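# Working through the structure, step by step
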Amino acid sequence: MKKTAINTSGAPKPIAPYSPAIQVGNLLFISGQIAMDPIEQVYRPLPVEEETERVMQNIEALLTAAGMSWSHVVKASIFMKDMADYGKINEVYGKYVGEVPPAREAVQVSQLPRDCKVEISVIAHLDIV
């Protein structure tokens, strides 16, 4: 099977040697997204709800570029700087994932890239209906 990198102007460019998303067959693996502005390519600290909204928009742009949507997401990983933000992150996350949310884990970590508050990665499958 062929491995294809997915890029879009609607999501930030990578800040290290990785692809924003990789498609292999009907599977799409989206790298961890942080609240970087896709136009200015910068991270500015914001309240965790606003950071989560930007992260979800970045993921959505990559899903769209691959011909998918949030309904195709089967797995998510949430990394947060402070577990006290769990409820706020879930509130924003829940607006995107629909009636049958993907499997996921949510963990607190000591530090994230650019010292952001939240990072989310997902796996999607094209054949989901």
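Scroll up to find the structure this text is about.
It should be emphasised that the depicted structure is a prediction, and the values quoted were computed from it without experimental measurement.

Once that is clear, we can look at the overall build of the protein chain. Helix and strand content of the protein chain: two helices and six strands. Scanning the protein chain from its N terminus toward the C terminus, one meets helices and strands in the order β-β-β-α-β-α-β-β. Principal axes of the C-alpha set define a box for the protein chain whose edges measure 40 × 30 × 20 Å. Residues classed as buried in the protein chain amount to 39% of the 129 residues present. If you take every contact in the protein chain between residues at least 6 apart in sequence, the share linking residues at least 24 apart comes to 71%. If you sum the accessible surface of the protein chain, you get close to 6,800 Å²; carbon and sulfur atoms cover 55% of it. Within the protein chain, one finds 12 positive and 15 negative side-chain charges whose respective centroids are separated by 7 Å.

For helix α1 (residues 48–65), built from 18 residues, the straight-helix expectation of 26 Å at 1.5 Å per residue is met to within 8% by its first-to-last C-alpha distance of 26 Å. Within α1, the full set of buried residues consists of Val 48, Glu 51, Thr 52, Arg 54, Val 55, Met 56, Asn 58, Ile 59, Ala 61, Leu 62 and Leu 63. Buried residues along α1 sit against β1 (3–6), β2 (21–24), β3 (27–33), β4 (73–80), α2 (86–97) and β6 (118–125). Positive phi appears at Gly 67, one or two residues downstream of α1, with a value of about 75 degrees.

As a further point, take unusual backbone geometry. In most cases, non-glycine residues show a negative phi, while peptide bonds are predominantly trans. The backbone of Gln 41 sits at a positive phi, close to 60 degrees, despite the residue not being glycine. Following the sequence through the fold, Gln 41 ends up in the loop between β3 and α1. A relative accessible area of 24% means that Gln 41 is categorised as partly exposed.

With that settled, consider the packing of aromatic side chains. In total, this model carries one aromatic pair according to the counting rule given. Cation over ring: Arg 104 sits above Tyr 93, and NZ or CZ is 4.8 Å from the ring centre.

With that settled, consider the sheet that holds β3. Ordered by their spatial adjacency, six strands build an open sheet running β1-β2-β3-β6-β4-β5, and the pairing between neighbours is mixed. The two strands at the open ends of the sheet, each matched to only one other strand, are β1 and β5 (103–108). With direction set aside, neighbouring strand axes in the sheet form an average angle of 15 degrees. In the sheet, β1 pairs with β2 via four bridges, with the strands oriented antiparallel. Bridging across to β2, Thr 4 finds its partner in Gln 23. Helix-sheet contacts for α1 involve β1, β2, β3, β4 and β6, and the interaxial angle to β3 is about 150 degrees. Docked against the sheet, α2 engages β4, β5 and β6, running at close to 150 degrees with respect to β4.

All right, on to the nonpolar core then. Membership of the largest hydrophobic core comes to 34 residues, with the highest contact counts inside it found for Leu 28, Leu 63, Trp 70 and Ile 120. For this core, the secondary-structure elements that each account for two or more residues are β3, α1, β4, α2 and β6. No other element matches the seven residues that α1 contributes to this core. In contact with Leu 28, other than residues within four places in its own chain, are Ile 6, Ala 21, Ile 22, Gln 23, Leu 62, Leu 63, Ala 66, Met 68, Val 122, Ile 123 and Ala 124.

Conventions used here
Residues numbered from 1 in each chain as written. Predicted model: local features only at pLDDT ≥ 70, side-chain atom pairs only at ≥ 80, totals over all residues. Heavy atoms only, no water. Helix = DSSP H or I, 4+ residues; strand = E, 2+ residues; numbered from the N terminus. Buried < 20%, exposed > 50% of the residue type's maximum accessible area, 1.4 Å probe, protein only. Contact = heavy atoms within 4.5 Å. Areas by Shrake-Rupley, 256 points an atom, 1.4 Å probe, with all protein chains shown as cover. Lys, Arg positive; Asp, Glu negative; His and termini not counted. Charge placed at Lys NZ, Arg CZ, Asp CG, Glu CD. Expected span 1.5 Å × (residues − 1). Phe/Tyr/Trp six-rings, centres within 6.5 Å; stacked < 30°, edge-to-face > 60°. Lys NZ or Arg CZ within 6 Å of the ring centre and 35° of its normal. Pairing = 2+ DSSP bridges. Axes fitted to C-alpha atoms, helices over the stretch in contact; angles between N-to-C directions. Core = buried A, V, L, I, M, F, W, Y, C linked by side-chain atoms within 4.5 Å.

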